[in-house]
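Coordinates in review
What follows is each chain in one-letter form.
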Amino acid sequence: MGYDIIGDVHGCYNELIDLVEKMGYKYREGIYHHEGRILVFLGDLADRGYNSIKVIEFVYKHVREKKALYVPGNHCDKLYRFFIGHDVQITHGLETTVAELRALSTEERRIISTHFIELYENAPLYLLLDNGRLIVAHAGIPEKYVGRYDKKVKRFVLYGDITGEVNPDGTPARRNWAADYKGEAFVVYGHTPVKEPYFINNTANIDTGCVFGGKLTALRYPEKEIVSVKSTLSFDKDKFRENM
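All figures in this text were calculated on a predicted structure; none of them were measured in a lab. (Residues numbered from 1 in each chain as written. Predicted model: local features only at pLDDT ≥ 70, side-chain atom pairs only at ≥ 80, totals over all residues. Heavy atoms only, no water.)

As a further point, take the nonpolar core. Ranked by internal contacts, the top residues of the largest apolar core, which has 45 residues, are I6, L16, L39, F41, F58, Y70 and F116. Here this core takes six residues from helix α2 (residues 52-64), the largest share from any one element. Setting aside residues up to four positions removed in sequence, F116 forms contacts with I56, Y70, C76, L79, Y80 and F83. Within the second largest apolar cluster, 18 residues are counted, among which are Y126, Y145, V157 and A178. (Core = buried A, V, L, I, M, F, W, Y, C linked by side-chain atoms within 4.5 Å. Buried < 20%, exposed > 50% of the residue type's maximum accessible area, 1.4 Å probe, protein only. Helix = DSSP H or I, 4+ residues; strand = E, 2+ residues; numbered from the N terminus. Contact = heavy atoms within 4.5 Å.)

What follows is the structure in structure tokens.
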């Protein structure tokens, strides 16, 4: 089985379709197919972008038909809490998804909410693939946490190695955990936007900031081949981590 792992989509639906088709997937009866391969989404499907609802529905449908796998990101976690009625701040991108939802009918909102809740509640914190030789986690995972599923691990895979401090834009400051990674499994993650895929110590960050005008990137495994499409949005250089 080949895996095509796609970085943070953040509502960039057109780029998602372009990327999937660039990798040779063929559309048939509402689903994209590729013999011997499967799509893998590493979280943060929604928020900030222009069409979060279409991205959610795409991933929901493909996971349901066993044509994709999915792990949640921190934005997914917040959207889930919004859908189940928790009091969350409508900030840091969630406001764009909420605006899309408010433009829908009550029944349409109910359907989207039901689909996303089902998708989230059935998702693992991280994926162990290829007999444990490949791990997919939204913000990454150090070797000491592999095999664990407690609250500390959940916080790490959603937010990374946070320091407790806050960046000027209000996001949590975090350390570069991958610089100290010594695990045998190859870890593919996103969460921190970088201009180009960042490879270090048997890990790869493939969040190339599509929603900030960068690229939407996939890593094809086991080939470890990178495939990207350019964003249709304007480039915001301040949103990218220059050096991990």
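Burial of strand β4 (residues 37-41) is extensive: five of the five residues sit out of reach of the surface. Residues of β4 alternate between two faces, with R37, L39 and F41 on one and I38 and V40 on the opposite face, all of them buried. Both β4 and strand β5 (residues 68-70) contribute to a ladder of three bridges, which runs parallel. Looking at β5, one finds that F41 is bridged to Y70. (Pairing = 2+ DSSP bridges.)

So, on to the sheet that holds strand β13 (residues 215-221). Think of a sheet as strands paired side by side through backbone hydrogen bonds, with each pair either parallel or antiparallel. On the basis of which strands lie adjacent, the open sheet formed by five strands has the order β5-β4-β1-β13-β14 and mixed pairing. The sheet is open, and its two edges are formed by β5 and β14 (225-230), each paired on a single side. In this sheet, neighbouring strand axes are inclined to one another by 25 degrees on average, regardless of whether the strands run parallel or antiparallel. Most of the contacts of helix α1 (residues 13-22) go to β14, to which it runs at about 140 degrees, and overall it touches β1 (2-6), β4, β13 and β14. Where α2 meets the sheet, its contacts fall on β4 and β5, and the angle it forms with β5 comes to roughly 115 degrees. (Axes fitted to C-alpha atoms, helices over the stretch in contact; angles between N-to-C directions.)

Here α2 crosses helix α5 (residues 106-121) at 55 degrees, and the two axes come no closer than 10 Å. In terms of axis orientation, α2 runs oblique to α5. As α2 packs across α5, the resulting crossing turns out to be left-handed. For the pair formed by α2 and α5, the contact residues are I53, I56, E57, V59, Y60 and V63 on the first element and I112, H115, F116, E118 and L119 on the second. (Parallel < 35°, antiparallel > 145°, perpendicular 65-115°, else oblique. Left-handed = near helix turned anticlockwise from the far one by under 90°.)

A few words now on the pattern of salt bridges. Applying the stated rule across the entire model yields 12 salt bridges. Here D4 ties to R37 by a salt bridge, and the two come within 2.9 Å at their closest N and O atoms. Within this pair, whereas D4 is found in strand β1, its partner R37 is found in strand β4, the two being separated by 33 residues in sequence. Of the two residues, D4 and R37, neither departs from the other in class, the shared state being buried. It is possible to trace a salt-bridge network through shared partners that takes in D4, R37, R220 and E223. (Salt bridge = Lys/Arg side-chain N within 4 Å of Asp/Glu carboxyl O.)

Here the structure, examined in full by the defined rule, presents 15 aromatic pairs. Considering the side-chain rings of F41 and F58, the 6.2 Å spacing of their centres and the 75 degrees angle between planes classify their relative orientation as edge-to-face. Of this pair, F41 sits in strand β4 while F58 sits in helix α2, placing them 17 residues apart in sequence. Take F41 and F58: they sit in the same class, and that class is buried. Look at W177 and Y181: their rings are 5.9 Å apart centre to centre, the planes differ by 85 degrees, and that puts the pair in the edge-to-face class. The same class applies to W177 as to Y181, namely buried. Members of the aromatic cluster, joined through ring pairs, are Y80, F82, F83, F116 and Y120. (Phe/Tyr/Trp six-rings, centres within 6.5 Å; stacked < 30°, edge-to-face > 60°.)

Any functional reading would require information beyond the geometric quantities listed.
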